[in-house]
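Here is what each chain is made of, one letter per residue.
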Amino acid sequence: MKLAVLRETAQGETRVAAIPETAKKFAALGARVAVEAGAGAAASVPDGDFAAAGAEVGSRAEVLHDADLILCVSGPEPDSLAGARAGALLIGALDPFRRADAVRGYAAAGLQALAMEWMPRITRAQSMDILSSQSNLAGYKAVIDAAAAYGRAFPMMMTAAGTVSPARVFVMGVGVAGLQAIATARRLGAQVSATDVRSATREQIQSLGAKPIFVEGVAGIEGEGQGGYAGETSDEYRRAQAELVSSHLSKQDIVITTALIPGKPAPRLISDAQLATMRPGSVVVDLAADAGGNVEGTVCGERAQRHGVTILGALNLARSLPADASALFARNLYNFLSAFWDKDSGGAVLPADDEIVRAITLTRDGQVVAERLASA
Ligand code: NAD
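Residues numbered from 1 in each chain as written. Predicted model: local features only at pLDDT ≥ 70, side-chain atom pairs only at ≥ 80, totals over all residues. Heavy atoms only, no water.

### A look at the confidence of the model for the protein
A low pLDDT score tells you not to read the predicted coordinates there in detail. We apply this condition: Note: pLDDT gives the predictor's confidence per residue, expressed from 0 to 100.
Within the protein, residue pLDDT values average 94, and 97% of them lie at 70 or more. The ipTM value of the predicted complex is 0.95, and its pTM value is 0.94.

### Looking at the pairing of strand β12 (residues 254-257)
The cut-off we apply is this: Relative accessibility thresholds used throughout: buried, under 20% of the residue-type maximum; exposed, over 50%; partly exposed, between the two (1.4 Å probe, protein chains only). Secondary structure elements are taken from DSSP: a helix is a run of H or I of four residues or more, a strand is a run of E of two residues or more, and numbering for both begins at the N terminus. Pairing between strands is defined by DSSP: at least two bridges between the two strands are required.
Burial along β12 is two-sided: Ile254 and Ile256 facing one way and Val255 and Thr257 facing the other are all buried. Pairing geometry for strand β9 (residues 168-172) and β12, over 4 bridges, is parallel. Bridge pairing in β12 links valine 169 to isoleucine 254. Direction of pairing for β12 relative to strand β13 (residues 283-286): parallel, over a ladder of 4 bridges. Bridging from a neighbouring strand, valine 255 pairs with valine 284 of β13.

### Details of the site of the ligand
The line we're drawing: Residue proximity to a molecule or strand is established when one non-hydrogen atom of the residue lies within 4 Å of it. Polar contact is the term for a pair of N or O atoms within 3.5 Å; when the atoms are in protein, one must be able to donate a hydrogen and the other to accept it, and sequence-neighboring residues count only if both atoms are side-chain atoms. Only the protein chains shown count as cover for residues, with accessible areas throughout obtained via the Shrake-Rupley method and a probe of 1.4 Å.
Inspection of the region around the ligand gives 22 residues, with Arg121, Asp129, Val176, Asp196 and Arg198 positioned closest. Between the ligand and glutamine 126 there is a distance of 3.4 Å, counted from an oxygen atom to a side-chain nitrogen or oxygen. Its free accessible area being 850 Å², the ligand has 87% of it covered by the protein chains.

### Some details on the pairing of strand β14 (residues 303-306)
Bridge count for β14 against strand β15 (residues 309-313) is 4 bridges, and the pairing is antiparallel. Looking across to β15, one finds that arginine 306 is bridged to valine 309. What sits between β14 and β15 in their antiparallel hairpin is a turn of 2 residues, with histidine 307 showing a positive phi close to 55 degrees.

### Topic: the nonpolar core
Spelled out, the test is: Put simply, buried Ala, Val, Leu, Ile, Met, Phe, Trp, Tyr and Cys residues joined by side-chain atoms within 4.5 Å make one nonpolar core. Only heavy atoms matter for contacts: two residues are in contact if any of them lie within 4.5 Å across the pair.
In terms of nonpolar packing, the biggest core is built from 62 residues, with Phe26, Ile70, Ile91, Phe336, Leu337 and Leu362 touching the most fellow members. Setting aside residues no more than four positions away along its own chain, phenylalanine 336 makes contact with Ile91, Leu114, Met116, Met119, Met128, Leu350, Ile356 and Ile360. Counting residues in hydrophobic clusters, the runner-up holds 29 residues, among them Val174, Ala177, Val285 and Ala314.

### A closer look at the sheet that holds strand β11 (residues 211-212)
Read across the sheet, 7 strands follow the order β11-β10-β9-β12-β13-β15-β14 without closing on themselves; strand pairing throughout is mixed. A single partner strand is all that each edge strand has here, and the edge strands are β11 and β14.

### Brief notes about the packing of helix α5 (residues 130-149) against helix α6 (residues 176-187)
Selection rule: Each axis is a line fitted through C-alpha atoms, and for a helix only the stretch in contact is used; angles between axes span 0 to 180 degrees, taken between their N-to-C directions. Crossing chirality is assigned from the near helix's rotation relative to the far helix, an anticlockwise turn below a right angle marking it left-handed and a clockwise turn marking it right-handed. The residue classification treats Ala, Val, Leu, Ile, Met, Phe, Trp, Tyr, Cys and Pro as nonpolar and Asp, Glu, Lys and Arg as charged. All others, Gly included, are polar.
The interhelical angle for the contact between α5 and α6, taken along N-to-C directions, is 40 degrees, at an axis separation of 7 Å. Where α5 crosses over α6, the two elements pack in a sense that is right-handed. Residues Ser132, Ser135, Asn136, Gly139, Tyr140, Val143 and Ile144 of α5 pack against Val176, Ala177, Gln180, Ala181, Thr184 and Ala185 of α6. For the contact of α5 with α6, the per-class residue count stands at 7 nonpolar, 6 polar and no charged.

As structure tokens, this is what we get:
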């Protein structure tokens, strides 16, 4: 069983799909690990560290030749996989909704493509979940970036020259990223409040020492929501939420928005008129920028200014922590493959009827088989 680790070629990608620790663990399972030269450079992992972990380091053609498993972070262009053998598994964050042509290309090349971002939210798959591991880092980095862009301090400081007030941070959307944003802002000494549409998050917010801001008297989404995801809320709820946000926003210094609805554009949570009520110098970080943005005026991947408020249109913040993001991503891949490792055949065996395999398989035997793509 040969496992290939690709050097990423997608614009802005800094991560790598294996680290020496996981390369060593795959080797311990009996795999021959081949890493494309320079694969870890942007994540501060020199080729020599992979070699010391027992991996072969070579060109793209060399690592692809005869590979059974091909690991990547962002999905490569199908043309760049020429030389891969039909039947090999291609595993990574393949972004299938936005890269339907590439998915068809993988099928045409006979590759079995697996999209790690479609991992089901079940207990067994928690350690394989790239969305959680990367969102966690993004939630942390959003607060760090906000602090860097904010012209004031986060903690309260009592000095001989007077008192510096603590920053007021409001987190909108309390999933994995939001919870980490709350924890990080609290560690920096801010006064933190947070809101979500899923009622189960109220206790989670309180347990982190932040204040829950919730619409009262109008039903949002009960409990955790379907599979932990929010669906769309009623018009009545959205109106009540907008009113609540308006009265709260004008008193906030930093806002981190993370609200996403799977398969839909991100919900609009902050309008231009609401931004205008915020104090000049305030900072908004929109973690949903890539999905259309929670904030009016967000420019994806850029820094914008509206009414004296800085809006950071955050794009894949995990990429700005490449070493940690790679380590967590690589362990997610290892946890997935090792759970399906068959000692006798010395490789991963993926039963087509397994809940996890079914959820993430995009292509098999030359066909696109993912139902979610057929209905998209
Ligand atoms: P997400 O990225 O899909 O969405 C971010 C947050 O935005 C969610 O909390 C959502 O409820 C919220 N949101 C949506 N619309 C909103 C609106 N209009 N206003 C305010 N908030 C809004 O969520 P996520 O970070 O992936 O996680 C959601 C849940 O799933 C969490 O409870 C998490 O613990 C759970 N989860 C479980 C597993 C597992 O069991 N394997 C894996 C990942 C996540």
